[in-house]
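Chain by chain, the residues run as shown.
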Amino acid sequence: MTMSYEVAVLVGSLRDGSYNRALIEAMIALAPEGMNFRFVEIGDLPFYNPDLEGEGVPAAWTRFRGEMADVDAVLFATPEYNRSVPAVVKNALDVGSRPYGESVWGGKPAAIVTASMGATGGFGANHHLRQSLVFLDMPTMQQPEAYVGKVQDILTDGGVVEGSREFLAGFMARFAAWVQTHKG
Ligand code: FNR
C-alpha cells in the first residue's frame, strides 16, 4: 500500500480489562503498513441532547467531533450488551451525527469487530451497528465478518493464538483494501 490512511478506532467497552480493546490492539499489530490507527475515546461524551448545541456544546463533544473530522476511516471494536450495541457506541454515533448537516461520519469507510466471551461473538451488536452505519452513509465492509466468540481463549500476552492470527490478519488486509477503494 503506497498511500497512508488515518483510522479512528472506537472501542465500545470502557472497562480496563476489555477483551475488545485487547483484541483490536492485537489486530492493529497485524495490519498492513500505511494504516495509522488512533484510539478516539467515547466514554466521556455526555448523552446527546440537541438543547446543548449552540452555546452549551460540551467540550468532550467538540473534542470528539474534531478528532473524527480528521480521519479517513473508522474501525469499531465492541462487545454486545443485551443483544445490541453498548450505549456509549450509540451515543458516539449520535454526537458525531449532529449538528444536522455536519455529520463526521458520511462517506467514511468502516469495519466492525465484535467480540464476546460467549459463543455468538456479538452478532447482534454487530448488525445493530450496521443498521445505523447505513443511515450515516458509511460504506461498511461486509466480508470477512468478525464475530469473535470465546475471545478470552484466543488472546495471549499482547497477541492472538496461532489458529486465529491468519483470519484476523486477513480481516485487516481486507479492511486496508476497503479503505483504499473508498478513499483512493
Ligand atoms: C454482556 N455480555 C453479553 N455477551 C453477549 O455475548 N451477548 C450479550 O447480549 C451480552 N450482554 C451483556 C450485557 C452487559 C450489560 C454486560 C456488562 C455484558 C457479556 C460481554 O460480552 C462480556 O462481558 C465481554 O467480555 C464484554 O467485552 P469487554 O468489556 O471484555 O470488551
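You'll find the structure just up there.
Given the structure is predicted, the values throughout are model-derived calculations rather than measurements. The residue numbering used here restarts from 1 in each chain and proceeds along that chain's sequence as written. Owing to the predicted nature of the model, reporting of local features is limited to residues with pLDDT of at least 70; listing and counting of side-chain atom pairs is limited to 80 or more, with chain, interface and lining totals taken over all residues. The side-chain figures draw on all heavy atoms in the structure; neither hydrogens nor water molecules are used.

A. Broad picture of the overall build of the protein chain. A run of H or I in DSSP counts as a helix once it spans at least four residues, and a run of E counts as a strand once it spans at least two, with each numbered from the N terminus. Counting secondary structure elements, the protein chain contains five helices and seven strands. Starting at the N terminus and ending at the C terminus, the protein chain contains elements arranged as β-α-β-α-β-α-β-α-β-β-β-α. Radius of gyration: C-alpha atoms only; globule rule: 2.2 Å multiplied by the number of residues to the exponent 0.38. For the protein chain, the C-alpha radius of gyration of 16 Å lies close to 16 Å, the compact-globule estimate for 184 residues. Each principal axis of the C-alpha distribution contributes one length, and for the protein chain these read about 50 × 40 × 25 Å. Relative accessibility thresholds used throughout: buried, under 20% of the residue-type maximum; exposed, over 50%; partly exposed, between the two (1.4 Å probe, protein chains only). Scored against the burial criterion, the 184 residues of the protein chain give a buried share of 47%. Any two residues having at least one pair of non-hydrogen atoms within 4.5 Å are treated as being in contact. Of all intrachain contacts in the protein chain linking residues separated by at least 6 positions in sequence, the fraction that spans at least 24 positions is 78%.

B. Main features of the site of the ligand. Any residue with a heavy atom lying within 4 Å of a molecule or strand is counted as near it. Taken together, Ser-13, Arg-15, Ser-18, Tyr-19, Asn-20, Pro-79, Glu-80, Tyr-81, Asn-82, Arg-83, Ser-116 and Met-117 are the residues near the ligand. Asn-20 has a polar side-chain atom sitting 2.8 Å from an oxygen atom of the ligand. Each polar contact in these results corresponds to two N or O atoms within 3.5 Å; when the atoms are within protein, one needs to be able to donate a hydrogen and the other to accept it, and residues that are neighboring in sequence are counted only if both atoms are side-chain atoms. In the model, an oxygen atom of the ligand is placed 2.8 Å from a nitrogen or oxygen of the Arg-83 main chain. For the ligand, whose free accessible area comes to 620 Å², the fraction covered by protein is 72%. Three classes are used: nonpolar for Ala, Val, Leu, Ile, Met, Phe, Trp, Tyr, Cys and Pro, charged for Asp, Glu, Lys and Arg, and polar for all others, with Gly counted as polar. Its residues assigned to classes, the shell around the ligand shows four nonpolar, five polar and three charged. Residue burial considers only the protein chains on display, and all accessible areas are found by Shrake-Rupley using a 1.4 Å probe.

C. Expanded view of the sheet that holds strand β4 (residues 110-115). In short, DSSP must find at least two bridges between two strands for them to pair. Reading across from one edge, β2-β1-β3-β4-β5 is the order of the five strands in this open sheet, with parallel pairing throughout. Pairing within the sheet leaves two strands with one partner each, and these edge strands are β2 (35-39) and β5 (146-148). Adjacent strand axes in the sheet meet at a mean angle of 20 degrees when their direction is disregarded. Pairing of strand β3 (residues 73-78) with β4, which is carried by five bridges, proceeds in the parallel orientation. Lines fitted to the C-alpha atoms define the axes, with helices restricted to the stretch that makes contact. Angles between their N-to-C directions range from 0 to 180 degrees.

D. Up close: the packing of aromatic side chains. Ring pairs shown here join Phe, Tyr and Trp side chains whose ring centres sit within 6.5 Å, with only the six-membered ring taken for Trp; geometry is labelled stacked below 30 degrees between planes, edge-to-face above 60, and tilted in between. Considering all chains together, one arrives at four aromatic pairs under this definition. When the ring of Tyr-48 is compared with that of Trp-61, the centres are 5.0 Å apart and the planes differ by 25 degrees; the resulting orientation is stacked. Linking Tyr-48 in the loop between β2 and α2 (59-69) with Trp-61 in helix α2, this pair joins segments that are 13 residues apart in sequence. Judged by relative accessible area, which is 22%, Tyr-48 ranks as partly exposed. For Trp-61, a relative accessible area of 0% gives the class buried. By the ring-pair criterion, three or more aromatic residues cluster together here, those being Phe-64, Phe-76 and Trp-105.

E. Structural context of the pairing of β3. In terms of burial, β3 is largely enclosed, as six of its six residues are buried. Note that strand β1 (residues 5-11) and β3 share five bridges and pair parallel. Along β3, the bridge assignment pairs Leu-10 with Phe-76. The handedness of a crossover follows from its direction of travel: if, with the strands pointing away from the viewer, the path from the first strand over the helix to the second runs clockwise, the crossover is right-handed. Once you follow β3 into helix α3 (residues 87-96) and on to β4, the crossover reads as right-handed.

F. Looking closely at the pattern of salt bridges. Salt bridge criterion: a side-chain nitrogen from Lys or Arg within 4 Å of a carboxyl oxygen from Asp or Glu. On inspection of all chains with the given rule, the structure shows eight salt bridges. Notably, a salt bridge pairs Arg-63 with Glu-67, separated by 2.9 Å at the nearest N-O pair. You can see Arg-63 and its partner Glu-67 sitting in helix α2, four residues apart, about one turn around the helix. On the basis of relative accessibility, which here comes to 27%, the residue Arg-63 falls in the partly exposed class. Since its relative accessible area comes to 26%, Glu-67 is described here as partly exposed. In this structure, Glu-80 and Arg-83 form a salt bridge, with 2.7 Å as the shortest nitrogen-oxygen distance. The exposure class of Arg-83 is exposed, given its relative accessible area of 55%.

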